[in-house]
Amino acid sequence: MTDNQKKLSRREMSRTEGVRAEGDTIRDRTQNSSADLAVGTPPVCGEPGYHRFHGEETKPVPEASLRANQSRCETARDLAPDADRLTEPVCAHRETDAAAVPSLRPVVSAPGGKAGRLQDPRVGDRNAGTHVLPPVLTTPASSAESSDGSAGGRSSRSSPRPVTPATWRRGADVESGLMKEEPPGDSGEQADKAWLLDIQRKLYMWSRDHPGEAWQDMWGWLTSPPNLRVAWRRVASNRGARSAGVDKVTVKRIEERIGVERFLGDLGERLQSGQYLPSPVRRVMIPKRGKPGQFRPLGVPTVEDRVVQAAVLQLLEPIFEAEFYPVSYGFRPKRSVRDAVEHLRLAIKPPKERNQPRRLSPAYQWVIEGDIKACFDNIDHHQVMTRLRRRVGDLKVTRLVLAFLKAGVLAEEEFLRSDAGTPQGGILSPLLANVVLSAIEARYERYIAPGRTRDGQAYARPGDQVRKFRHRERKAGRPVFLPVRYADDFVVLVAGSKQQAREEKEALAAYLGAELKLTLSAEKTHVTALTEGFDFLGHRIRLRWDDRWGYWPRVEIPKKKVRDLCHRIKQLTNRGHTCRSFQAVIDGLNPVLRGWGNFYRHCYYAKNVFTRVDHYVWDRLRRWLRKKYPKTPRLAVRRRYWRRIGERPRFRWVDVRPVAILADIPVGRYNLLDREYPDYAQKTWESPVHNERCTPGSGAGDGETTAGNRSTGASSPRSLAQRGKGKPRVTR
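Residues numbered from 1 in each chain as written. Predicted model: local features only at pLDDT ≥ 70, side-chain atom pairs only at ≥ 80, totals over all residues. Heavy atoms only, no water.

What follows deals with the overall build of the chain. Looking only at helices and strands, the chain features 26 helices and 15 strands. A buried classification covers 45% of the 732 residues belonging to the chain. Within the chain, contacts between residues separated by at least 24 positions form 70% of all contacts whose residues are at least 6 apart in sequence. Summed over its atoms, the accessible surface of the chain is roughly 39,600 Å², and 50% of this surface lies on carbon and sulfur atoms. (Helix = DSSP H or I, 4+ residues; strand = E, 2+ residues; numbered from the N terminus. Buried < 20%, exposed > 50% of the residue type's maximum accessible area, 1.4 Å probe, protein only. Contact = heavy atoms within 4.5 Å. Areas by Shrake-Rupley, 256 points an atom, 1.4 Å probe, with all protein chains shown as cover.)

So this is what it looks like as structure tokens:
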């Protein structure tokens, strides 16, 4: 013990709470006070009175330890003035650098008279501020009271132990001491999406309520930072982010070298000042799947152009989505190939007649398979801009879209001017193509879109009006047409004779040539009977006769697609892949099998086709193992790779991970009623399933027939309520 400790009694040790100066002894707070206000601060670890103050028995401190810790206590005391100390003790036992420890770092005082606080060693950088008490200012009288030993240097309203939260004194600044909750990391992204969704809803609702008007002011929204940030995230999350345009700049290079904020800031400034100019697209020839020797041109824009196109698309899409027809499915949000195929299946399904157990009268008998020759390369720019200006009146936006169309193509170091067409690969190209090709549905508008009453009001059930019109046309002996389009692939169902279908085919070709300057391919455009079937979007659709229930629509897997899959499996398991491991071969097969199976799992007899493909995969892997291990006994190879997984009774090829089994994929009929809608669109109560399947009749209105006219394809109705009573049928 030092001399100072020997001279002080236990009671005096509890009274003294001073600040040790360099080379000086402990001084009493009541003595040599240069200010009128003093701070009651408890002794730190290693000073006299520490153990008594915290309710522990006083233990002698070795002199060597006290001398070693004396300098550290002085350093901690000197970092903050007397009025800025905490009521928590500062531990100074560990030999660490004061600048490296958070509790010993000097804190800069905040403006407004608030002094900086010294952090407790138990309080880290993360929870700093949650356990810190404000400085307690005492008057000379109160300091005299503390010298009696009753208060022990602590506030009367503070907690008795330093490990428990203290009670704030009245008038203290509580908010400055509490740790403010940090916003989540994705709050900015969510705010940008919410802002864009609000704008898209406004545009969608306005476009739906004002079909013949054009939106005038849109440039401010297009160049706003939230719109550009959402567009950037869309481009950066796409698989094409790894591809570069003519400037050889990728998304990764922008993130690592330029910086996203700087890139978007410069882009927004150039858009607002009118200095932005689109760059030519880089042409890449990609092979066509299933057509050896044939290639498709793909245009790759620069990352900068992709961000601007995405920003334009986010504002134009809600405007045109409100006026697109429900029979269009290609490159539209929340629409897929399954929706278009199921729409066709329900449209050709004959309705059930009264007093007739079988379905004898199909609603449509013929189909026109349409194919446009080089559609994306031959779209007329004048038609695109004419249809765009009908709905968008902002000149800056329309000029920007025209600049993208006229940007040109860079192919093999040669610049080509683009006088027609939209480059495949651009983000904005599918929407512009849909805007132009919607003229096909406009030709058959009276068969697919509801009209208006004599007062100009909309019908309460628009689908009823459309079905009644079709019914009247069939009764009058006139043909009825129903188009279904997916991008540039479309079919037109015809209710009438074959001659009427051929005449409509010629009229449609003349209409596309005069209106859109597009040409129908004579070799690929056919008129086919539905009983023979036709291929659409990789599916085989036909009407099949069954003695039990008459005509029934079928969506089947084409045999050509099965042969193509088997050929691809054979290529992945041929002799040239024996240098790879068995698991590498399995990993190459699994994505192909799962993707193909999920695409065709809603077809008729899909389970039987999947089983045959599984047998073929088993045989190909068995042959591959024999080629890889020619000298190994077959039984040894089989024991190694042909085994069970867990408690399942089925054997399968396994190395580290098993091969995918197509027969395990659940199959069933696709429900078109469960189709989702974009977030900005209002879900309509009129279902395309109800519109196509329910032909008026059977007491739906006065004067309607109950029996179908088989010569024109008229049929009796099936109400939505009756359809909902039956259980969904699962394909075999």
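All right, on to the packing of aromatic side chains then. Given two aromatic rings, their pairing is described by the distance between the two centres and the angle made by the two planes. Enumeration over the complete set of coordinates arrives at 23 aromatic pairs. Taking the centre distance of 5.8 Å and the plane angle of 50° together, the rings of Tyr-444 and Phe-481 count as tilted. Placement of the pair is Tyr-444 in the loop between helix H17 (429-443) and helix H18 (445-448) and Phe-481 in strand E8 (residues 480-486), with a sequence separation of 37 residues. Summarising the burial analysis for this pair, Tyr-444 and Phe-481 share the class buried. Look at Phe-582 and Trp-624: their rings are 5.7 Å apart centre to centre, the planes differ by 25°, and that puts the pair in the stacked class. Highlighted residues: Phe-582 in helix H22 (residues 582-599) and Trp-624 in helix H23 (residues 606-628), separated in sequence by 42 residues. For the residue pair Phe-582 and Trp-624, the accessibility class agrees, reading buried in each case. (Phe/Tyr/Trp six-rings, centres within 6.5 Å; stacked < 30°, edge-to-face > 60°.)

Before going further, it helps to spend a moment on the packing of H22 against H23. At a minimum axis separation of 12 Å, H22 and H23 run at an interaxial angle of 165°. Comparing the axis directions of H22 and H23 gives the class roughly antiparallel. As H22 packs across H23, the resulting crossing turns out to be right-handed. Along its contact with H22, which presents Phe-582, Val-585, Leu-589, Leu-593, Trp-596 and Gly-597, the element H23 presents Val-609, Phe-610, Val-613, Val-617, Leu-621, Trp-624 and Leu-625. (Axes fitted to C-alpha atoms, helices over the stretch in contact; angles between N-to-C directions. Parallel < 35°, antiparallel > 145°, perpendicular 65-115°, else oblique. Left-handed = near helix turned anticlockwise from the far one by under 90°.)

This brings us to helix H13 (residues 337-348). Taking 1.5 Å per residue, 12 residues should reach 16 Å; H13 reaches 17 Å between its end C-alpha atoms and fits that length. Most of H13 sits inside the fold, with 11 of its 12 residues counted as buried. (Expected span 1.5 Å × (residues − 1).)

Here we take up the environment of Ile-368. Along the chain, the position of Ile-368 falls in strand E5 (residues 366-371). With a relative accessible area of 1%, Ile-368 lands in the buried category. The contacts of Ile-368, once residues within four sequence positions are left out, are Phe-490, Val-491, Val-492, Val-494, Ala-501, Glu-504, Lys-505, Thr-525, His-526 and Val-527.

Further remarks concern the side chain of Arg-554. For Arg-554, the location among the structural elements is in strand E13 (residues 550-556). Residue classification places Arg-554 among the buried positions, given a relative accessible area of 12%. A distance of 3.4 Å separates a polar atom in the side chain of Arg-554 from a polar atom in the side chain of Glu-556. Sequence-distant contacts of Arg-554, defined by excluding residues within four places in its chain, comprise Arg-540, Ile-541, Arg-542, Arg-544, Tyr-604 and Tyr-605. (Polar contact = N/O pair within 3.5 Å; in protein donor to acceptor, adjacent residues only side chain to side chain.)

The next thing to look at is the pattern of salt bridges. Tallied over the entire structure, the rule returns 23 salt bridges. Measuring nitrogen to oxygen at the nearest pair gives 2.9 Å for the salt bridge that ties Arg-332 to Glu-321. One end of the pair, Arg-332, is in the loop between helix H12 (303-321) and H13; the other, Glu-321, is in helix H12, with 11 residues separating them in the sequence. Glu-321 carries the same exposure label as Arg-332, and that label is buried. The salt bridge partner of Arg-548 is Asp-546, with a shortest N-O separation of 3.0 Å. Judged by relative accessible area, which is 18%, Asp-546 ranks as buried. (Salt bridge = Lys/Arg side-chain N within 4 Å of Asp/Glu carboxyl O.)

This part is about the environment of Gly-550. Relative to the assigned elements, Gly-550 resides in strand E13. Here the alpha-carbon distance between Gly-550 and Pro-350, two residues 200 residues apart in the chain, equals 8.9 Å.

This part covers the sheet that holds E13. Reading across the sheet, the 3 strands line up as E11-E12-E13 and stay open at both edges, with antiparallel pairing between neighbours. Looking along the sheet, the strands with just one partner apiece sit at the ends: strand E11 (534-536) and E13. When strand polarity is set aside, the average angle formed by the axes of neighbouring strands in this sheet is 30°. Sheet topology note: the strand E12 (residues 539-546)/E13 ladder contains 7 bridges and is antiparallel. Considered in E13, the bridge of Arg-542 is made with Arg-554. With respect to the sheet, H13 is in contact with E11, E12 and E13, its orientation differing from that of E12 by roughly 25°. (Pairing = 2+ DSSP bridges.)

If you trace the 4 strands from one edge of the open sheet to the other, you get E4-E3-E6-E7, paired in mixed fashion. The strands lining the two open edges of the sheet, one partner per strand, are strand E4 (295-300) and strand E7 (414-416). Ignoring strand direction, the axes of neighbouring strands in this sheet form an average angle of 40°. The pairing of strand E3 (residues 281-287) with strand E6 (residues 409-411) spans 2 bridges and is parallel. The residue bridging Arg-282 from the neighbouring strand is Leu-410, located in E6.

Our focus in this paragraph is a positive patch on the surface. On the surface, a cluster of positive charge is contributed by Lys-291, Arg-296, Lys-524 and Lys-561. Inspection of the secondary structure assignment puts Lys-561 in helix H21 (residues 559-572). Classification of Lys-561 as partly exposed rests on a relative accessible area of 32%. (Patch = residues over 30% accessible without salt bridge, like charges linked within 9 Å, V, L, I, M, F, W, Y side chains within 5 Å. Lys, Arg positive; Asp, Glu negative; His and termini not counted. Charge placed at Lys NZ, Arg CZ, Asp CG, Glu CD.)

With that settled, the discussion passes to the environment of Lys-570. Turning to its location among the elements, Lys-570 is positioned in helix H21. In this structure, the C-alpha to C-alpha distance between Lys-570 and Trp-624, residues 54 residues apart in sequence, is 9.9 Å. Discounting residues that sit within four places of it in the chain, Lys-570 has contacts with Tyr-616 and Arg-620.

Before going further, it helps to spend a moment on the packing of helix H9 (residues 225-236) against H12. In helix packing, the relevant descriptors are the interaxial angle and the interaxial distance, both defined with respect to the helix axes. Where H9 meets H12, the closest approach of the two axes is 8 Å, and the angle between their N-to-C directions is 115°. In this structure, H9 meets H12 at a crossing whose hand is right-handed. Together, Asn-227, Leu-228, Val-230, Ala-231, Trp-232, Arg-234 and Val-235 of H9 and Val-303, Arg-306, Val-307, Ala-310, Ala-311, Leu-313, Gln-314 and Leu-315 of H12 make up the contact between the two elements. Of the residues that constitute the contact of H9 with H12, the class distribution is 11 nonpolar, 2 polar and 2 charged. (Nonpolar A, V, L, I, M, F, W, Y, C, P; charged D, E, K, R; others polar.)

Moving on to the pairing of strand E9 (residues 489-495). Burial within E9 is extensive, with 6 of its 7 residues counted as buried. Direction of pairing for E5 relative to E9: antiparallel, over a ladder of 6 bridges. The residue bridging Glu-369 from the neighbouring strand is Val-491, located in E9. Judged from the 7 bridges that link them, E8 and E9 form a sheet pairing that is antiparallel.

Before going further, it helps to spend a moment on the side chain of Ser-207. Within the secondary structure, Ser-207 is located in helix H7 (residues 187-209). A polar atom in the side chain of Ser-207 sits 2.6 Å from the backbone oxygen of Ile-319. Setting aside residues up to four positions removed in sequence, Ser-207 forms contacts with Ile-319, Ala-322 and Arg-391.

Confidence in the prediction of the chain, expressed as mean pLDDT, is 75, and 67% of residues score 70 or more. In this model, residues 71-185 is a region of pLDDT below 50 whose contacts with residues beyond four sequence positions or in other chains number 169 contacts. (pLDDT = per-residue confidence, 0-100.)

Moving on to unusual backbone geometry. Where the residue is not glycine, phi is negative for most of them; where a peptide bond is considered, it is trans in most cases. The backbone of Lys-334 sits at a positive phi, close to 65°, despite the residue not being glycine. Mapped onto the fold, Lys-334 is located in the loop between H12 and H13. Residue Lys-334 is classed as partly exposed on the basis of its relative accessible area, which comes to 42%. A positive phi angle is found at Ala-487, which is not glycine, with a value near 60°.

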